[in-house]
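# Overview (structure and organization)
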Amino acid sequence: MGIETDIAADWHAALAALAWQVDLGVGEIIGEDPLDRYDLPEPVKLPDPVVLPAKTPPPRPAPDAPPSAELALLAATQAAAGANSLEDLREALARFEYCDFKRGARNLVFADGNPKARVLILGEAPGVEEDREGRPFVGRAGQMLDRMFAAIGLSRQSPDPATALYITNVLPWRPPNRDPSPDEIAMMRPFVARHIALVDPDVVVVLGNTPLQAALNTTGILRHRGTWGEGFGKPVLPMVHPAYLLRVAAAKREAWADLLALQARLR
Ligand code: URA
C-alpha cells in the first residue's frame, strides 16, 4: 500500500490519503518491498566500554632505583662521615638538602654549651624560640632543663667539663606542626652519631621519644625513663622531656630520681 509520489507534494492530498489508509485499518507504516528479517546482516558489535581508573597512579621508579629515604640516608651518612670537626659538621648540615623541615625553618639550630662536657643532652627538635635564636632549649622547656640540671650542679655555661653540659637535638630544624617520622629520624641519625663521636661525652641523656628512638631504637619514654641503655657507643639515660614536666608536675619526682642516677654515674 503505497502513497503516490505526485500527491506527496500536496499537503492536503497527502493528509487525505493518510486518513483514508487509517480508515482502511493501516496500523503501521512499512516499506514498498518485502523485508526478510531473518536475512539481515549481524549487527555490528561495539567494543566493551573502557573503564578508566579514578586516578592514574604516579609512575613507578625503575626497580633498581633506591627509594628516596634510602638515598637521603646514604647522603646523610656520607656527609656526616666527612666531618672532622664540629664546624665541619655544622657546615655539612647546612648543605644537607634532604630534610623537608629545613625549608620551613629560619635557622639551623646546631648546639649550645661546652663541647668538652662529660654530659651530652640530646633533645628532639627546635621550637619557635629556638628557631628564632638558632640555639637549642631557649624557650620555657629550656628554662626548665636549666633548672633541672642546675639541681645536680650541671650547666651549659660551665667552662669546667666536669660540671658542664653540651646540648643538641636530633633535628636541627624546627618541624612546623608534627613529630618527625621514623624515616626522618633515621635520616638524621648519622649526623647525631657523628656529633656525639666528635664531642665524645661520658654519658648521653636523651629527652623524650625522638632521641630515644634515635639512640636506642625504641619508643615509650615513660616506660624506658631511668633505665640505662647503650647507644652511639655511650651509656644512655632516657628521661622525660622538660616540656612534659611543665604539663605533668607529678612526673617531676621520677625526673629527680633520674637526675640523681646521673649524678651517681658521674661520680
Ligand atoms: N625541645 C627540644 O627537644 N629541643 C629544643 O631545642 C627545644 C625544645
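Details of the structure are given in the entry above.
Heads up: these notes are all about the structure in this document. (Residues numbered from 1 in each chain as written. Predicted model: local features only at pLDDT ≥ 70, side-chain atom pairs only at ≥ 80, totals over all residues. Heavy atoms only, no water.)

### A few points about the overall build of the protein chain
- Each helix and strand in the protein chain was counted, giving twelve helices and six strands.
- Counting over 267 residues, the protein chain shows a buried share of 37%.
- Put simply, 69% of the contacts in the protein chain that link residues at least 6 apart link residues at least 24 apart.
- Surface accessibility of the protein chain: about 16500 Å² in total, with carbon and sulfur atoms responsible for 55%. (Helix = DSSP H or I, 4+ residues; strand = E, 2+ residues; numbered from the N terminus. Buried < 20%, exposed > 50% of the residue type's maximum accessible area, 1.4 Å probe, protein only. Contact = heavy atoms within 4.5 Å. Areas by Shrake-Rupley, 256 points an atom, 1.4 Å probe, with all protein chains shown as cover.)

### Considerations on the site of the ligand
- All residues adjacent to the ligand are Gly123, Glu124, Ala125, Pro126, Glu130, Pro136, Phe137, Asn169 and His241.
- A distance of 3.0 Å separates an oxygen atom of the ligand from a polar atom in the backbone of phenylalanine 137.
- Between the ligand and asparagine 169 there is a distance of 2.9 Å, counted from a nitrogen atom to a side-chain nitrogen or oxygen.
- Burial of the ligand by the protein amounts to 92% of the accessible area it has alone, namely 230 Å².
- In this structure, the ligand is accommodated by the largest pocket. (Near = heavy atom within 4 Å. Polar contact = N/O pair within 3.5 Å; in protein donor to acceptor, adjacent residues only side chain to side chain. 1 Å grid on protein atoms, 1.4 Å probe; cavity = no way out; pocket = protein on both sides within 12 Å on 5 of 7 lines; lining within 4 Å. Sits in = over half its atoms within 2 Å of the grid points.)

### Here we look at a nonpolar patch on the surface
- On the surface, Leu71, Leu74 and Tyr98 cluster together into a nonpolar patch covering about 280 Å² of accessible area.
- Here leucine 71 is to be found in helix H3 (residues 68–81).
- Overall, the relative accessible area of 38% leaves leucine 71 in the partly exposed class. (Patch = residues over 30% accessible without salt bridge, like charges linked within 9 Å, V, L, I, M, F, W, Y side chains within 5 Å. Salt bridge = Lys/Arg side-chain N within 4 Å of Asp/Glu carboxyl O.)

### Structural notes on the pairing of strand E2 (residues 119–123)
- Summarising burial for E2: five of the five residues are buried, a large majority.
- Residues Val119, Ile121 and Gly123 line one face of E2 and the alternating positions Leu120 and Leu122 line the opposite face, and both faces are buried.
- Two elements, E2 and strand E3 (residues 165–169), share five bridges in a ladder whose sense is parallel. Along E3, the bridge assignment pairs valine 119 with leucine 165.
- For E2 and strand E4 (residues 203–207), the ladder comprises four bridges, and the chain directions are parallel. The residue of E4 that forms the bridge with isoleucine 121 is valine 205. (Pairing = 2+ DSSP bridges.)

These values are about where atoms sit, not about what they do.
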